[in-house]
Amino acid sequence: MFDQKQTIALQEQTSSLLKHTGNMPVSNLESLRNVLRFHEYRYYVLNDPLISDFEYDNLYKELERIEKKDPSLITTDSPTQRVGLGLIKDFPKVQHLVPMLSLENSYNAEDLYDWDRKARELSGLAEIEYTVEPKFDGASISLIYENDLFARGATRGDGETGDDISPNIRQIKSVPLSAHFNEYGIEQVEIRGEVLMNKSNFKQYNERLMEEGQPPLANPRNAAAGSLRIKDTAIVSKRNLEGFLYHVSYITGSNKRKKEIPLTHSGMLDMLWELGFRSPKKEMQVVTGIEAVISCIQNFEARRDDLPYEIDGMVIKVNDIALQERLGMTSHHPRWAIAFKFKARQATSKLLSVSFQVGRTGAITPVAKIEPVQVGGVTVSSISIHNEEYIREKDLMLGDVILIERSGDVIPQIVKSMPELRKGDEQLIRFPTNCPVCGDALFKTADEAVWRCININCSAQVVERIIHFVSKDAMDIRSFGEANVRKFYNLGLFKDIPGIYELTIQQLQGLDGFGEKSVQNLLQAIETSKTQPLHRLIYALGIRYVGETTAKTLAQQVINLFDLKGYSKEKLQQMDDVGIKVAGSIYEFFQNHDNLLMLEKLETLGVKMYKEELSVTVGNLNGQTFLFTGTLTRLKRSDAEERVERNGGKILGGVSSKLNYLVVGEDAGSKLEKAKKIPAINIITEEDFLKMLPT
Ligand code: IVH
């Protein structure tokens, strides 16, 4: 959409505008908006930012300042108009300009041969040109632009009418609020596409749900669809949704045009891309004949897991739009397009029994044993069913046939039960009233869905807390592992977390499976863990609702862990993503006498409680930006990233012209390809990287 000349000009404008933040004259308003739109496009559509978040924020704040001073200057497509719309009362129903049909599904090559044969018979052509593009697994949307401005966005609904979710669509930064359709003589246009939550945002979102004691969602599709129905735009904005637009369904306009409206689907995707939309132009291929379509699908399926978002198949479309019109549609589907569905990551199984596990916070989690079944390449034989409310919502009974899904690398989840298949001998799932381990009575507060054992000395909780403390993402005491923690605890070698640091050679020598070498390794790993970064220690403490992300936020705020003793709930709540519940839990943890005693004991035993100042002026990677790709063999990815930061460098989120070093491990993929096209990036091996670090 922006050629090289425009890019250079906009980058120059950016530099000059940045010099005037704080007192920019109104005469710069249009230039400022253009520059912000350009950087949004670089960031959200191309995934290749040219300025830092800090610089973007400064420019954005400047625009806000100018518009606040004189609100009559605000336009509906100003970058500020994505946020601040607040609460939506209800979603009005709206009629689509053209009904949103779904596609016919195909599952194998045979289905595709049949479909192609019919299309050739109807058209009289020997061979047809097709496009093949991903079938995005999200929520479908339909957008209308009028006179170049975003006018309305709607859900699919029943295909004829949907919900007007315009304020939420405005939160999706890859959807432009204005686009130069007038260059094509287009006055009104309806565009279709899909809203997605990418895999990494979905993972983070689910982690947060679990930190808050809520069941995670089964797949990113549900997360995207659910997010579009939220009535608070500020929350929608935080979900970081993305929009792919892949079909122009309706156009009105005049013949006064600078550019011709494309006559092919691939041309339409080019046009949308040129206009600033994230169309699947780069993911789409044009091929002739169905054989080529099939091989293209096979290639794509092999790369499915490398994509940053979920796809559930491919969509094959007749490229020539005139031919699409000639082929028309059946009562349900267009004849010119078909979906090819990949192997399902869902499978049916049977719920056999339920056991109740006690977690480190005393939460009782029902875990269902199911008939073992293959889903997405792994065998699943047990599955968490979270809590009583979840069991009720999903209508689960012992003996039920259930549908389960394993989406990407997310833990398998139950999608639904199938009550219509019940035979009458299914049984209710009964919750225990007492802790299955210590026998104490269980409690549940009104605002929580989980039952808890509140005996903090309950051995199940103590063991789970220690297991969590030593785990890979926490203090990472290798060679400990769950089984050894249980074994040592049962042998009475320790009874709490500080006990880990009091283990002696004498205690371990002669234990079954512990030779001299493994005793040494374990004690060394325990010793090394004493200097883990502060955020790992905070996470390792297992404070309720404090996952890795929150632990990092906390570690950024303080120098010494004990500083948190002095934090009020209000002060905690001022931190990013720390709400009332999380703040309350952190506050209580640091006011609890027993917890403080434990921390003091850990400190006495040599565990580092403070943060080494990350100085950006002393490290030898000072100011340099890094990104890792592929599998590293010598370092763990998180350790490598920590070492960059400790030495004054910065980790970037993606390959862009701002990247100084791409460190390439084994099996590197698209990041490497992208980096090769940017001469300024130094592409180095893990060995080269290690040499850059201080010895
Ligand atoms: S084309 C009239 N292209 O899959 C043609 N659909 O059952 C409109 N979908 O409802 C659809 N990726 O929500 C098309 N690249 C893609 C798609 C796609 C996902 C969804 C869409 C549609 C459903 C098909």
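Preceding block: the structure.
Small disclaimer: the values here were computed from a predicted structure and weren't measured.

## Considerations on helix 4 (residues 109–123)
Given 3.6 residues per turn, any residue in an α-helix points the same way as the ones three and four places further on.
Alright, step 1. Over its 15 residues, helix 4 runs 21 Å from end to end, which matches the ideal 21 Å to within 8%, given 1.5 Å per residue.
Alright, step 2. For helix 4, the set of buried residues is Leu112, Trp115, Asp116, Ala119 and Ser123. The buried side chains of helix 4 occupy one side of the element, clustering within an arc of 95° when seen end-on. In helix 4, those exposed residues whose orientation departs by more than 90 degrees from the buried face are Glu110 and Glu121.
Alright, step 3. Looking at the buried residues of helix 4, the elements they touch are strand 2 (104–106), strand 3 (129–136), helix 10 (290–302), strand 10 (311–318), helix 11 (321–327) and strand 11 (337–341).
Alright, step 4. The positive-phi residue at the C-terminal boundary of helix 4 is Gly124, with phi of around 75°.

## Re the packing of aromatic side chains
Alright, step 1. Across all of its chains, the model carries 24 aromatic pairs by this definition.
Alright, step 2. When the ring of Phe626 is compared with that of Phe689, the centres are 5.8 Å apart and the planes differ by 70°; the resulting orientation is edge-to-face. Of this pair, Phe626 sits in strand 19 (residues 625–629) while Phe689 is found in helix 24 (residues 686–692), placing the two residues 63 residues apart along the sequence. The same class applies to Phe626 and to Phe689, which are both buried.
Alright, step 3. Every member of this aromatic cluster is reached through a ring pair, and the members are Phe136, Phe244, Tyr246 and Tyr309.
Alright, step 4. The positively charged end of Lys571 is found above the aromatic ring belonging to Tyr567, 4.3 Å away from the centroid.
Alright, step 5. Residue placement shows Lys608 over the ring face of Tyr610; its charged tip is 5.9 Å from the ring centre.

## Topic: the site of the ligand
Alright, step 1. Taken together, 13 residues lie around the ligand, and Glu133, Pro134, Phe136, Glu194 and Lys317 are the ones closest in.
Alright, step 2. Contacts to the ligand include Glu133, whose side-chain N or O atom sits 2.7 Å from a nitrogen atom.
Alright, step 3. Measuring from an oxygen atom of the ligand, one finds a side-chain N or O atom of Glu194 at 2.9 Å.
Alright, step 4. Protein coverage of the free-state accessible area of the ligand, which is 530 Å², stands at 91%.
Alright, step 5. Among the secondary structure elements, those contributing two or more residues to the shell around the ligand are strand 3 and strand 10.
Alright, step 6. The dominant element in the shell around the ligand, judged by the number of residues it contributes, is strand 3, at four residues.

## So, the nonpolar core
What tends to happen in soluble globular proteins is that the nonpolar side chains get buried as a cluster.
Alright, step 1. If you look at the biggest cluster of nonpolar residues, it comprises 57 residues, and the most contacted ones within it are Phe469, Ile477, Phe480, Phe488, Ile500, Leu561 and Leu599.
Alright, step 2. Elements with a contribution of two residues or more to this core: helix 13 (459–470), helix 14 (481–490), helix 16 (516–529), helix 17 (534–540), helix 18 (548–557), helix 20 (580–591) and helix 21 (593–604).
Alright, step 3. The dominant element in this core, judged by the number of residues it contributes, is helix 13, at six residues.
Alright, step 4. When near neighbours in sequence (up to four residues on either side) are disregarded, Phe488 contacts Phe480, Leu493, Phe494, Leu503, Leu508, Leu511, Phe514 and Leu522.
Alright, step 5. If you look at the next biggest cluster of nonpolar residues, it comprises 39 residues, including Tyr145, Ile186, Met197 and Tyr205.

## A few points about the sheet that holds strand 8 (residues 242–253)
Alright, step 1. With antiparallel pairing, four strands are arranged side by side in an open sheet as 5-4-7-8. Each edge of the sheet is formed by a strand with only one pairing partner; in this case those strands are strand 5 (149–155) and strand 8. Adjacent strand axes in the sheet meet at a mean angle of 25° when their direction is disregarded.
Alright, step 2. Across six bridges, strand 4 (residues 139–146) lies against strand 5 in antiparallel orientation. Note on strand 5: the bridge partner recorded for Ile144 is Arg152.
Alright, step 3. Its contacts with the sheet place helix 9 (residues 265–274) against strand 7 (186–196) and strand 8, and it is angled at close to 105° to strand 8.

## Overview of unusual backbone geometry
For residues other than glycine, phi is negative in most cases, and the peptide bonds are mostly trans.
Alright, step 1. In this model, Asn147 sits at a positive phi of 45°, which is unusual for a non-glycine residue.
Alright, step 2. Along the chain, Asn147 falls in the loop between strand 4 and strand 5.
Alright, step 3. Residue classification places Asn147 among the exposed positions, given a relative accessible area of 58%.
Alright, step 4. One non-glycine residue, Asn240, adopts positive backbone phi at about 55°.
Alright, step 5. If you trace the backbone, Asn240 turns up in the loop between helix 8 (233–238) and strand 8.

## Notes on the sheet that holds strand 10
Alright, step 1. The strand order across the open sheet built from five strands is 2-11-10-3-9, with neighbouring strands paired in mixed fashion. Of all the strands in the sheet, just strand 2 and strand 9 (285–288) have a single pairing partner and so form its edges. Between one strand axis and the next, the sheet turns by 35° as a mean value, whatever way the strands run.
Alright, step 2. Two elements, strand 3 and strand 10, share seven bridges in a ladder whose sense is antiparallel. Bridging across to strand 10, Pro134 finds its partner in Met314.
Alright, step 3. Helix 4 rests against strand 2, strand 3, strand 10 and strand 11 of the sheet, and its axis sits at about 175° to strand 11.

## Examining the side chain of Arg152
Alright, step 1. The topology assignment puts Arg152 in strand 5.
Alright, step 2. Buried and unpaired, Arg152 has no salt bridge, with Glu190 as the nearest side chain of opposite charge at 4.6 Å.
Alright, step 3. Of note is the side chain of Arg152, whose polar atom sits 3.0 Å from the backbone oxygen of Gln95.

## Digging into helix 13
Alright, step 1. When the terminal C-alpha atoms of helix 13 are compared, their 17 Å separation across 12 residues agrees well with the 16 Å that a helix rising 1.5 Å per residue should span.
Alright, step 2. With respect to burial, helix 13 is a largely interior element, nine of its 12 residues being buried.
Alright, step 3. Next to the buried residues of helix 13 lie strand 12 (346–358), strand 18 (452–453), helix 14, helix 17 and helix 21.

## Overview of the pattern of salt bridges
Alright, step 1. Counting across every chain of the model gives 38 salt bridges.
Alright, step 2. In this structure, the salt-bridge partner of Glu40 is Arg82, at a minimum N-O distance of 3.5 Å. Residue Glu40 is located in helix 2 (residues 29–45), and its partner Arg82 is located in the loop between helix 3 (53–69) and strand 1 (93–95); the two are separated by 42 residues in the primary sequence.
Alright, step 3. Of the residues examined, Glu40 reaches a relative accessible area of 5% and is grouped as buried.
Alright, step 4. For the salt bridge of Asp48 with Arg42, the shortest nitrogen-to-oxygen distance reads 2.9 Å. Arg42 shares its class with Asp48; the two are buried.
Alright, step 5. A single network of salt bridges, built from pairs that share partners, joins Glu30, Arg33 and Glu67.

Calculation rules
Residues numbered from 1 in each chain as written. Predicted model: local features only at pLDDT ≥ 70, side-chain atom pairs only at ≥ 80, totals over all residues. Heavy atoms only, no water. Helix = DSSP H or I, 4+ residues; strand = E, 2+ residues; numbered from the N terminus. Expected span 1.5 Å × (residues − 1). Buried < 20%, exposed > 50% of the residue type's maximum accessible area, 1.4 Å probe, protein only. Arc of directions from axis to C-beta. Contact = heavy atoms within 4.5 Å. Phe/Tyr/Trp six-rings, centres within 6.5 Å; stacked < 30°, edge-to-face > 60°. Lys NZ or Arg CZ within 6 Å of the ring centre and 35° of its normal. Near = heavy atom within 4 Å. Polar contact = N/O pair within 3.5 Å; in protein donor to acceptor, adjacent residues only side chain to side chain. Areas by Shrake-Rupley, 256 points an atom, 1.4 Å probe, with all protein chains shown as cover. Core = buried A, V, L, I, M, F, W, Y, C linked by side-chain atoms within 4.5 Å. Pairing = 2+ DSSP bridges. Axes fitted to C-alpha atoms, helices over the stretch in contact; angles between N-to-C directions. Lys, Arg positive; Asp, Glu negative; His and termini not counted. Salt bridge = Lys/Arg side-chain N within 4 Å of Asp/Glu carboxyl O.

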